[in-house]
Amino acid sequence: MTGSTTRASRPASRSPGPTGTSDPAGDCGEAAPLLKVRGLTRRFGGLVALEEIDLDVEVGRLLVVMGPNGAGKSTLVDLLTGYLRPNEGGFRLDGVDLTFSPRWSLARSGITRTFQVPRPLARFDVRENVRIAARCGSPPRPGRSAAERQAAELLSETGLDGQASCYPAELSLASLRRLELARALAGRPRLLIADEPLGGLAGADIDAGIALLRTLARPDRGVIVIEHAVRAVLQVADELAFLHHGRLLRRGPAAEVLADRAVVDAYVGAGLLRRGLL
Ligand SMILES: Nc1ncnc2c1ncn2[C@@H]1O[C@H](COP(=O)(O)OP(=O)(O)O)[C@@H](O)[C@H]1O
Ligand SMILES: [Mg+2]
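Presented here is a report on the structure given in the accompanying data block. Starting from 1, residues in each chain are numbered consecutively following that chain's sequence as written. Whichever chain is written first is A, and whichever ligand is written first is 1; the rest continue in order. Restriction of local features to residues with pLDDT of at least 70 applies here, the model being predicted, together with a cutoff of 80 or more for giving and counting side-chain atom pairs; totals for whole chains, interfaces and linings are based on all residues.

1. Quick look at the sheet that holds strand β3 (residues 62–66)
Definition in use: When DSSP finds two or more bridges between two strands, those strands count as paired. Strands here are runs of E lasting at least two residues and helices are runs of H or I lasting at least four, both read from the DSSP assignment and numbered beginning at the N terminus. The axes used here are C-alpha line fits, helices contributing only the stretch in contact, and every angle between their N-to-C directions lies in the interval 0 to 180 degrees. It is the C-beta atoms, placed from the backbone, that decide contacts: two residues are in contact if theirs lie within 7 Å.
Read across the open sheet, the 6 strands follow the order β6-β7-β8-β3-β9-β10; overall the sheet is mixed. Every interior strand has two partners, whereas the edge strands, β6 (111–114) and β10 (247–252), have only one. The sheet shows a mean angle of 20° between the axes of neighbouring strands, taken without regard to direction. By the bridge criterion, 4 bridges tie β3 to strand β8 (residues 222–226) in an arrangement that is parallel. Note on β8: the bridge partner recorded for Val65 is Ile226. Seen against the sheet, helix α1 (residues 73–80) touches β3, β6, β7 (191–195), β8 and β9 (239–244) and runs at an angle of roughly 145° to β7.

2. Looking at the packing of helix α3 (residues 126–135) against helix α4 (residues 144–157)
Filter applied, for reference: Note that the term roughly parallel is reserved for angles under 35 degrees, roughly antiparallel for angles over 145, roughly perpendicular for angles of 65 to 115, and oblique for everything else. Left-handed describes a crossing in which the near helix is turned anticlockwise from the far one by less than a right angle; the clockwise case is right-handed. In this count, Pro and Cys sit with the nonpolar residues alongside Ala, Val, Leu, Ile, Met, Phe, Trp and Tyr, while Asp, Glu, Lys and Arg are called charged and the others, Gly among them, polar.
Close contact between α3 and α4 brings their axes to 8 Å; oriented N to C, the two are set at 120°. Here α3 is positioned oblique relative to α4, judged by the angle of their axes. Crossing geometry of α3 relative to α4 is assigned as right-handed. Of α4, the residues touching α3 (which contributes Val126, Arg127, Val130, Arg131, Ala134 and Arg135) are Ala147, Glu148, Gln150, Ala151, Leu154 and Leu155. Each residue belonging to the contact of α3 with α4 can be placed in one class, and the counts come to 7 nonpolar, 1 polar and 4 charged.

3. Remarks on the site of ligand 1
Short version of the rule: By convention here, the C-beta atom is placed from the backbone, and a residue is near a molecule or strand when that atom is within 6 Å of it.
What surrounds ligand 1 is a group of 12 residues, the closest being Phe44, Ala49, Lys73, Ser74 and Thr75. Counting only elements with at least two residues in the shell around ligand 1, the list comes to β2 (47–57) and α1. Broken down by element, the residue count for the shell around ligand 1 peaks at 3 residues, all from α1. Classifying every residue of the shell around ligand 1 gives 4 nonpolar, 7 polar and 1 charged.

4. What about the environment of Pro140?
By secondary structure assignment, the location of Pro140 is in the loop between α3 and α4. Between the C-alpha atom of Pro140 and that of Arg188, which follows or precedes it by 48 residues, the distance is 9.7 Å.

5. Some details on the pairing of strand β1 (residues 35–44)
Relative to β2, β1 runs antiparallel, the two sharing 7 bridges. Residue Arg42 lies in a different strand from β2, and its bridge partner there is Leu50. As consecutive antiparallel partners, β1 and β2 are separated by 2 residues, and within that stretch Gly45 has a phi angle of approximately 60°, a positive value. Here 5 bridges tie β1 to strand β4 (residues 88–93), and the two strands are oriented antiparallel to one another.

6. What to know about the sheet that holds β1
Here 4 strands make up an open sheet; going across it, the order is β2-β1-β4-β5 and the pairing antiparallel. Each of the sheet's edge strands pairs with one partner strand only, and the pair in question is β2 and β5 (96–97). The strands touched by α1 within the sheet are β1, β2 and β4, with β2 carrying the most contacts at an inclination of about 65°.

7. Quick notes on the environment of Tyr83
If you trace the backbone, Tyr83 turns up in the loop between α1 and β4. Among all residues touching Tyr83, those that are not within four sequence positions of it are Asp78 and Arg103.

8. Some words on unusual backbone geometry
One non-glycine residue, Glu52, lies in positive phi territory at about 50°. Relative to the assigned elements, Glu52 resides in strand β2.

9. Here's the deal with α3
The condition that has to hold: The burial criterion counts other C-beta atoms lying within 10 Å of a residue's C-beta, which is placed from the backbone; the residue is buried at 20 or more, exposed at 12 or fewer, and partly exposed between these limits.
The element α3 is extensively covered by neighbouring structure, given that 7 of its 10 residues are classed as buried. Among the residues of α3, those classed as buried are Val126, Arg127, Asn129, Val130, Arg131, Ala133 and Ala134. Tucked into the core, α3 has its buried residues touching α4 and α5 (173–186).

10. Remarks on the packing of α4 against α5
Each pair of packed helices gets described by two things: the angle between the helix axes and the distance between those axes. Contact geometry of α4 with α5 gives a least axis separation of 10 Å together with a crossing angle of 140°. What the angle tells us is that α4 and α5 run oblique. The hand of the α4/α5 crossing is right-handed. Across from Gln150, Ala151, Leu154 and Leu155 in α4, the residues of α5 making contact are Ala182, Leu185 and Ala186. Split by residue class, the contact of α4 with α5 holds 6 nonpolar, 1 polar and no charged.

What follows is the structure, given as structure tokens:
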């Protein structure tokens, strides 16, 4: 936990609650979504960084979370991966309440993430970075040779096989971002969360990154991607959630959300603010 993290109690009214008659997703025998977020709220002192967020992610689907700087995107990722604790609300993965699980336990339970600023293991080459992540992922843990096989497959899937023997310091930002994804995938996630996996990329690297993102959602895996470039969002999102000032402003098909007046205003306003015109 960070020094600024406040310890939150678990208010029953805001938690997704045990699957049962009080839980809407438990009614009518309907399958629970892969990820179910309800009422998720996080404050930093007087600042409400995230307020009463409700979201679902299904397997095989990629949800993009978008919003201006400071909208609460990274706070959402940190809450879902145990880097922060919520003040209110909670989330379930495959019907299991993981709201207050520690980081290591969340990764074992099937939620892995990438970081906005890549965090490779600097002393190990690319292949080792992925192999170690495979050995530390959710059970059943592979043995040494199975982890090597998995690492080789992931390096191929992420286009890193030509750089397997390179050290992180030798990689371009595009390759570092791919390594982040390969390491997160090596944990065999049910839910992969990628925080700005295209951040800082340009030109052909963005196109290649988009192509890679489009392969991530699988029948046994759901994906959340934080992204703000409209072109990329339109190409990768099965669904778009737009955050503004910590609130979920709109959610739905990407083209519809991006055409929404409130969303356009929020984005244009943020752009003007950045340029000092507001
Ligand atoms: N550790 C923290 N302490 C205080 N305020 C924070 C902290 N982390 C984030 N914030 C604030 O919470 C809000 C949301 O931040 P963040 O989730 O990083 O936004 P985004 O990722 O959408 O740019 C911002 O106003 C930010 O300044
Ligand atoms: Mg952020």
